[in-house]
Amino acid sequence: MNTLPAFIYGVGMFTLISSVISGERTSKNGVVSELSRSSFGIYVIHVVYLDLLTNLLLPYSAFGEHAPALYLFILFGLTFGFSFGTVYLLTRINGMRKVFYYG
């Protein structure tokens, strides 16, 4: 459901769950810290890439019928990679960090 109400609901649920779960937990690992800061942006943008991949570039009928587990693994990897890459690049632009980073 790529609609504005679904998007607002998803962002609200992410914020609610994050605020309930979060505490004073910090990580010394740079990779974990970067993924943690980027998780909100990845969550927001992944729907766009998932929609593009499943409808245009990598439809299930062309690949998934023969090896569904491999299809899901490839779809996850591409969606996560593109989403993280987009968030990482956009946060390098002044002012965009507050849009895509949570917390």
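Reading guide: rules and limits
- Residues numbered from 1 in each chain as written.
- Predicted model: local features only at pLDDT ≥ 70, side-chain atom pairs only at ≥ 80, totals over all residues.
- Heavy atoms only, no water.
- Helix = DSSP H or I, 4+ residues; strand = E, 2+ residues; numbered from the N terminus.
- Buried < 20%, exposed > 50% of the residue type's maximum accessible area, 1.4 Å probe, protein only.
- Contact = heavy atoms within 4.5 Å.
- Patch = residues over 30% accessible without salt bridge, like charges linked within 9 Å, V, L, I, M, F, W, Y side chains within 5 Å.
- Areas by Shrake-Rupley, 256 points an atom, 1.4 Å probe, with all protein chains shown as cover.
- Salt bridge = Lys/Arg side-chain N within 4 Å of Asp/Glu carboxyl O.
- Expected span 1.5 Å × (residues − 1).
- pLDDT = per-residue confidence, 0-100.
- Phe/Tyr/Trp six-rings, centres within 6.5 Å; stacked < 30°, edge-to-face > 60°.
- Lys NZ or Arg CZ within 6 Å of the ring centre and 35° of its normal.

**Student:** Sorry, what's going on with the overall build of the protein here?
**Tutor:** The secondary structure content of the protein amounts to five helices and zero strands. Walking the protein from its N terminus toward its C terminus, one meets helices and strands in the order α-α-α-α-α. When the 103 residues of the protein are sorted by exposure, 23% land in the buried category. Taking all contacts inside the protein whose residues are at least 6 apart in sequence as the whole, residues at least 24 apart take part in 68%.

**Student:** Looking at this structure, how should I read the side chain of Ser83?
**Tutor:** Following the sequence through the fold, Ser83 ends up in helix H4 (residues 68–90). Dropping the residues within four chain positions of it, Ser83 is found in contact with Ile42, Ile45, His46 and Tyr49.

**Student:** How should I be thinking about a nonpolar patch on the surface in this particular structure?
**Tutor:** Taken together, Val31, Leu35, Phe76 and Phe80 make up a surface patch of nonpolar side chains, about 380 Å² in accessible area. When contributions to the nonpolar patch are tallied by element, the ones reaching two or more residues are helix H2 (30–57) and H4.

**Student:** What exactly am I supposed to notice about the environment of Leu52 here?
**Tutor:** With respect to the element layout, Leu52 can be found in helix H2. Residues Leu52 and Thr79, spaced 27 residues apart in sequence, show a C-alpha to C-alpha distance of 9.4 Å.

**Student:** It is not clear to me how H4 should be interpreted in this structure. Could you clarify?
**Tutor:** Given 3.6 residues per turn, any residue in an α-helix points the same way as the ones three and four places further on. Look at H4: 32 Å from first C-alpha to last across 23 residues, which is about the 33 Å you get at 1.5 Å a residue. Tyr71, Leu75, Thr79, Ser83, Thr86 and Val87 are the residues of H4 that are buried.

**Student:** So what exactly am I meant to see when it comes to the environment of Thr91 here?
**Tutor:** Counting through the fold element by element, Thr91 comes out in the loop between H4 and helix H5 (97–100). On the accessibility criterion, Thr91 (3% relative accessible area) is buried. Sequence spacing of Thr91 and Ser38 is 53 residues, and the spatial spacing of their C-alpha atoms is 9.1 Å.

**Student:** I keep staring at the side chain of Thr86 and nothing clicks. Help me out?
**Tutor:** The topology assignment puts Thr86 in helix H4. Apart from the residues lying within four places of it in its own chain, the contact partners of Thr86 are Ile45 and Tyr49.

**Student:** What exactly am I supposed to notice about the confidence of the model for the protein here?
**Tutor:** Per-residue confidence for the protein averages 77 on the pLDDT scale, and 73% of its residues sit at or above 70. Across the protein, element-level confidence peaks in H4 with a mean pLDDT of 89 and bottoms out in helix H1 (residues 4–21) with 68.

**Student:** Would you take a moment to explain the packing of aromatic side chains for this structure?
**Tutor:** The description of an aromatic ring pair uses the distance of the two centres, along with the angle that the planes make with each other. For the coordinates displayed, the defined rule picks out four aromatic pairs. Plain terms: the ring middles of Phe76 and Phe80 are 6.0 Å apart, the flat faces sit at 15° to each other, and that makes the pair stacked. Pair noted here: Phe76 and Phe80 are both in helix H4, with a separation of four residues, about one helical turn. Ring pairs connect the aromatic residues Phe76, Phe80, Phe84 and Tyr88, which therefore count as one cluster. The residue whose ring lies beneath Arg92 is Tyr88, and the NZ or CZ to ring-centre distance is 4.0 Å.

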